[in-house]
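Single-letter residue listing:
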Amino acid sequence: MAQSYDRGAVESFGRWREFQAGMWAWILHKLTGWILVGYLFTHIAVLSTAVGVDPGAAATEVDTYTQTLQGLEGLLIVRFLEIGLLTVAVFHILNGIRLLFVDLGLGLDVQDASFYASLILTALITLSSLPTFLGGAL
Amino acid sequence: MSTQLEQETEIEEEPTESRESVAERLSEKRREQIQEDLDTAEKTIQLKVFRYDPEIEGKMEPRFDSFTVPFHKGMTVLDALIYARDRYDSSLTFRHSCRQAVCGSDALFVNGQQRLGCKTQLGDLEHPIRIEPLPHQDVVKDLVVDMQHFYDQMEAVEPYFDPDELPEGELEEQRQTPENREKVKLSTRCIWCGACMSSCNIAAGDNEYLGPAAINKAYRFAMDEREGTDRKKERLRIVEQEHGVWRCQTQFSCTEVCPKDIPLTEHIQALKRESIKNNLKFW
Amino acid sequence: MAKHYSSFERGNWRWFLQRITAIFLIGALAFHFVTLHFINHAADISFLGTQARMSEIGYFSLMVTFLVAGAFHGVNGVYNGLVNAGLEGRQKQIVGTILIIATLLLIGQGLRVAVAMTTLF
């Protein structure tokens, strides 16, 4: 055979409608993982305002750390981002537990059902946390 | 070999008309025959088949041909392809041999999933049926892909039985306990069709990844107690290399498509654990 | 092709450690969320409150372990993702080095912050 034809990534994301549970679980686990590690860096950056706080200011809650954090919490958008973060974290935890079981060779024949279960549980936990997260901001 | 190839080329170059409609170039007699088949069939089914031939002018550009085939109960995708080849276009190329899911020749991409043509019932599929060669492998012609890389990966895990000692007496059996046989039973079913490798998202991105079929082969021998412990360690060393088991992301794609229902993901995971156990045991 | 054999040094200790940190992080992350959103509302966080919590040795060491485990788990996950997406050769080395430096900086800054929040030292 002189040549052969390379169709490239014929089965890649263009075929997302055909993806099955295990594939979606992988995609979402990656995505939520990227968000969480990105947040970790941001989180430490924000908390860095605690370095060199003036003890006198801290006593009356007018130090940079307290003011930065409370200022951010006062923004509605931050509250919504926190809800997003909670959703992402909860899904990553639940699907992570699913993956640990898969690594142990347990429940491999219910891997799709356990993925759907982690999605539903994530939704339930997020919804029930809404009042706590939005409290005082609305 | 080369002269044979040239001959084929000459024969296939004969139909030079437009390829818009396959039926148009058929002889009157053949067309009547097909019409009769279609009229007497309980139902007809449309196939959309991937076509490509780098050696023929006018077929170098990949495209889809439509074939309408008569349907009868129990018909498989392979039966439909054979009908299309025999009645419409004798140049339609696909691999097949045993027609009973043993030889592993006819793994195809049917309606967006890797399936064995001879094991897939037409009645179970949505219409029209879209038939393509296996993804992530180079297409040689029509539905035929280059399987060399897949075979190389299979060879890489040294897929042959290699016990330390042979039983006394040349014709003596090499006995295995029923429990151990049970453990490797499903892994021995592999027919080297390549469906799993084609479905694997990681194998698609990393050409060096051993892939599900090869790892399953490694499992089949590594778990066989008749082989010695040193041989097992060597086998584990092959699969625990960088492009071995660790690449598996447990997407379960291979397990979903395996026509022999081998729990591929489970076997890959078992080898990961076996390897970790083996490496943690430093005493 | 499988010609190049490797040992525990390459590849699988990271796989193993990713699972070990995962088990710890499940508990730690859940605890972190509950403590700082449900028990103490995020909007009421003040430096004195943080300092009180971080001055308990148990809480302090949990948070420091959380930082180190989280940084490893996260960055290792990113690295694996990139390698699976086809990163190799020299590029892989460069990206790997950058990620190690970023992780060390993150842990270093995290420790500075932790020390600033506590009265333990």
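Use the structure listed above.
Note that the structure is predicted; figures quoted are calculated from it, not measured.

A. Geometry of the overall build of chain A. Along the backbone of chain A there are five helices and zero strands. Shown N-terminal to C-terminal, the secondary structure of chain A runs as helices and strands in the order α-α-α-α-α. Considering only intrachain contacts with a sequence separation of at least 6, the fraction spanning at least 24 residues in chain A is 64%. Summing over all exposed atoms, chain A offers an accessible surface of approximately 7,200 Å²; the carbon and sulfur share of this is 71%.

B. Structural view of the environment of Y151 of chain B. Following the sequence through the fold, Y151 of chain B ends up in helix α4 (residues 148-156). Sequence spacing of Y151 of chain B and L108 of chain B is 43 residues, and the spatial spacing of their C-alpha atoms is 17 Å.

C. Expanded view of the sheet that holds strand β5 (residues 129-132) of chain B. Residue and element names in this part refer to chain B. The strand order β2-β1-β5-β3-β4 describes an open sheet built from five strands, whose pairing is mixed. In the strand order of this sheet, the two ends are held by β2 (63-71) and β4 (113-116), each with one partner. Averaged over all pairs of adjacent strands, the angle between strand axes in this sheet comes to 35 degrees, irrespective of strand direction. In this structure, strand β1 (residues 43-51) lies alongside β2, joined through nine bridges in antiparallel fashion. From the neighbouring strand, K43 faces β2, where its bridge partner is F71. Helix α3 (residues 77-88) contacts β1, β2, β3 (107-110) and β5 of the sheet and is inclined by roughly 105 degrees relative to β2.

D. Representation of the interface of chain C and chain B within the structure. Chain C puts 14 residues into the contact, and the matching count from chain B is 21 residues. Remark: the boundary between chain C and chain B carries one salt bridge. At the junction of chain C and chain B, the tally comes to one residue pair in polar contact (both at pLDDT 80 or more). For the side of chain C that touches chain B, the secondary structure elements donating two or more residues are α1 (12-39) and α3 (57-84) of chain C. It is α1 of chain C that provides the largest number of residues to the side of chain C that touches chain B, a total of three residues. Classifying every residue of the side of chain C that touches chain B gives seven nonpolar, five polar and two charged.

E. Geometry of the interface of chain A and chain C. At the interface, 34 residues of chain A touch 38 residues of chain C. Buried surface at the junction of chain A and chain C, summed over both partners, amounts to about 2,900 Å²; 77% is from carbon and sulfur atoms. The interface formed by chain A and chain C contains one salt bridge. A salt bridge links D103 of chain A to R19 of chain C, with the nearest nitrogen and oxygen atoms 2.7 Å apart. Inspection of the chain A/chain C interface yields five residue pairs in polar contact (both at pLDDT 80 or more). Within the residue set of the side of chain A that touches chain C, elements represented by two or more residues are α1 (21-47), α2 (55-59), α3 (64-74), α4 (76-103) and α5 (111-134) of chain A.

F. Structural detail: the pairing of β4 of chain B. All names here are of chain B. Of the two faces of β4, only the one carrying Q114 and L116 is buried; Q113 and R115 on the other face are not. Across four bridges, the pairing between β3 and β4 is antiparallel. If you follow A107 over to β4, its bridge partner there is L116. Count of turn residues in the β3/β4 antiparallel hairpin: two residues, of which N111 carries a positive phi of about 45 degrees.

Quick notes on the rules
- Residues numbered from 1 in each chain as written.
- Chains lettered and ligands numbered in written order.
- Predicted model: local features only at pLDDT ≥ 70, side-chain atom pairs only at ≥ 80, totals over all residues.
- Heavy atoms only, no water.
- Helix = DSSP H or I, 4+ residues; strand = E, 2+ residues; numbered from the N terminus.
- Contact = heavy atoms within 4.5 Å.
- Areas by Shrake-Rupley, 256 points an atom, 1.4 Å probe, with all protein chains shown as cover.
- Pairing = 2+ DSSP bridges.
- Axes fitted to C-alpha atoms, helices over the stretch in contact; angles between N-to-C directions.
- Salt bridge = Lys/Arg side-chain N within 4 Å of Asp/Glu carboxyl O.
- Polar contact = N/O pair within 3.5 Å; in protein donor to acceptor, adjacent residues only side chain to side chain.
- Nonpolar A, V, L, I, M, F, W, Y, C, P; charged D, E, K, R; others polar.
- Buried area = accessible area lost by both parts, 1.4 Å probe.
- Buried < 20%, exposed > 50% of the residue type's maximum accessible area, 1.4 Å probe, protein only.

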